[in-house]
Amino acid sequence: AQSVTQPDIHITVSEGASLELRCNYSYGATPYLFWYVQSPGQGLQLLLKYFSGDTLVQGIKGFEAEFKRSQSSFNLRKPSVHWSDAAEYFCAVGAITQGGSEKLVFGKGTKLTVNP
Amino acid sequence: DAGITQSPRYKITETGRQVTLMCHQTWSHSYMFWYRQDLGHGLRLIYYSAAADITDKGEVPDGYVVSRSKTENFPLTLESATRSQTSVYFCASSPGPDHEQYFGPGTRLTVT
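Undergrad: Explain the overall build of chain B here, please?
TA: The helix and strand tally for chain B stands at zero helices and eleven strands. Against the 2.2 N^0.38 benchmark of 13 Å for 112 residues, chain B shows a C-alpha radius of gyration of 13 Å, consistent with a compact globule. Each principal axis of the C-alpha distribution contributes one length, and for chain B these read about 35 × 25 × 25 Å. When the 112 residues of chain B are sorted by exposure, 50% land in the buried category. In chain B, the share of contacts with a sequence separation of at least 24, taken over all contacts with a separation of at least 6, comes to 55%.

Right under this line is the structure:
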């Protein structure tokens with residue numbers, strides 16, 4: 001069965017520092033991979049997605065992620081964090097059901113705190 | 001405005017009562033989903049629907065019922081609410097496989 005692991009429950013960085021959030025997945029086929037962000041009290045917003053092609057994908061708000069098949073990873077990065085990036089980040093893998101539908105399996109999330 | 005909406009945004013109910021959470025999307029997306037979000041568990045899929053009149057169970061379906069008579073609506077019913085169903089519920093929609101899902105703002109449900 002497919003699964004997603006986000007090893008870091010909580011990360012704290014200083015504003016202006018670089019950021020890397022880790023994500024490892026388990027899925028038998030070529031995965032669809034996503035990163036979502038959730039601000040407090042809000043729904044989830046898509047940051048970026050990987051379906052195929054270039055393994056380095058660019059997203060909104062200056063985020064990027066790199067798909068590494070050999071490591072089953074899809075880590076999220078940002079070169080310089082802004083205070084407004086404080087939120088919870090979810091990695092997800094898209095899995096195709098037997099009926100041909102797609103469902104997302106989410107990691108448990110990483111909460112990001114940004115210090116001034 | 002176009003998008004995906006959920007109602008109510010907040011709900012308090014008592015154990016044993018029936019409660020229905022509404023989800024409406026204006027994109028005519030084929031796929032719709034219900035998730036619950038709990039501390040330490042992330043988001044877990046309750047039910048999903050690939051089209052009107054087609055629904056299927058997700059990871060945690062027990063105690064929930066869904067229907068989808070119209071493409072744009074996907075209500076979630078708790079037939080007899082329990083305290084363990086206290087959670088934040090998110091609805092999402094998608095045009096289909098290999099597309100991202102778009103999430104609603106969530107419904108915070110408290111069962112007393």
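Undergrad: Would you take a moment to explain the pattern of salt bridges for this structure?
TA: Any two side chains of opposite charge can pair, given that their charged atoms come close. Residue and element names in this part refer to chain A. A full pass over the atoms with the stated rule returns eight salt bridges over all chains. Close ionic contact of D8 with R22 constitutes a salt bridge, the shortest N to O distance being 3.0 Å. Highlighted residues: D8 in the loop between β1 (3–5) and β2 (10–14) and R22 in the loop between β3 (19–21) and β4 (24–26), separated in sequence by 14 residues. For D85, the salt bridge identified is with K78, shortest N-O distance 2.8 Å. Of the two residues examined, D85 and K78, each falls in the buried class. Shared partners join several salt bridges into a network, and the residues in it are E64, E66 and R77.

Undergrad: Help me understand the interface of chain A and chain B, please; the structure alone is not making it clear to me.
TA: Many structure descriptions define interface size as the accessible area lost when the parts assemble. Taken together, the 22 residues of chain A in the interface contact 21 residues of chain B. Note on chain A versus chain B: buried area summed over both sides is about 1600 Å², and carbon and sulfur give 57% of it. For the chain A face of the interface with chain B, the top three residues by lost area are L44, E102 and F106 of chain A, together amounting to 28%. Our count for the contact surface shared by chain A and chain B stands at one salt bridge. A salt bridge links E100 of chain B to K49 of chain A, with the nearest nitrogen and oxygen atoms 2.6 Å apart. Linking chain A to chain B there are three residue pairs in polar contact (both at pLDDT 80 or more). Within the residue set of the side of chain A that touches chain B, elements represented by two or more residues are β5 (32–38), β6 (44–50), β10 (87–96) and β11 (102–106) of chain A. Broken down by class, the residue content of the side of chain A that touches chain B amounts to ten nonpolar, eight polar and four charged.

Undergrad: Would you mind showing me how to read the nonpolar core here?
TA: Note on soluble globular proteins: their nonpolar side chains tend to be buried together. Residue and element names in this part refer to chain A. The biggest cluster of nonpolar side chains holds 27 residues, and the ones touching the most others in it are L19, W35, L47, L48, F74, L76 and Y89. Among the secondary structure elements, those contributing two or more residues to this core are β2, β3, β5, β6, β8 (64–68), β9 (73–78), β10 and β12 (110–115). With four residues, β10 is the single largest residue contributor to this core. In this structure, L19 is in contact with I11, V13, F63, L76, R77, K78, V81 and L112, ignoring residues within four places of it in sequence.

Undergrad: I would appreciate a short explanation of the state of the cysteines in the present structure.
TA: Linking two cysteines covalently via their sulfur atoms produces the bond known as a disulfide. All names here are of chain B. Taken as a whole, this structure holds two disulfides over all chains when the rule is applied. Here C23 pairs with C91 through a disulfide, and the sulfurs are 1.8 Å apart. Taking the torsion about the sulfur-sulfur bond, which here is approximately -75°, the covalent link between C23 and C91 counts as left-handed. Of this pair, C23 sits in strand β3 (residues 19–25) while C91 is found in strand β9 (residues 87–94), placing the two residues 68 residues apart along the sequence. For the pair formed by C23 and C91, the shared burial category is buried.

Calculation rules
- Residues numbered from 1 in each chain as written.
- Chains lettered and ligands numbered in written order.
- Predicted model: local features only at pLDDT ≥ 70, side-chain atom pairs only at ≥ 80, totals over all residues.
- Heavy atoms only, no water.
- Helix = DSSP H or I, 4+ residues; strand = E, 2+ residues; numbered from the N terminus.
- Rg over C-alpha atoms; globule rule 2.2 N^0.38 Å.
- Buried < 20%, exposed > 50% of the residue type's maximum accessible area, 1.4 Å probe, protein only.
- Contact = heavy atoms within 4.5 Å.
- Salt bridge = Lys/Arg side-chain N within 4 Å of Asp/Glu carboxyl O.
- Buried area = accessible area lost by both parts, 1.4 Å probe.
- Polar contact = N/O pair within 3.5 Å; in protein donor to acceptor, adjacent residues only side chain to side chain.
- Nonpolar A, V, L, I, M, F, W, Y, C, P; charged D, E, K, R; others polar.
- Core = buried A, V, L, I, M, F, W, Y, C linked by side-chain atoms within 4.5 Å.
- Disulfide = S-S within 2.5 Å.

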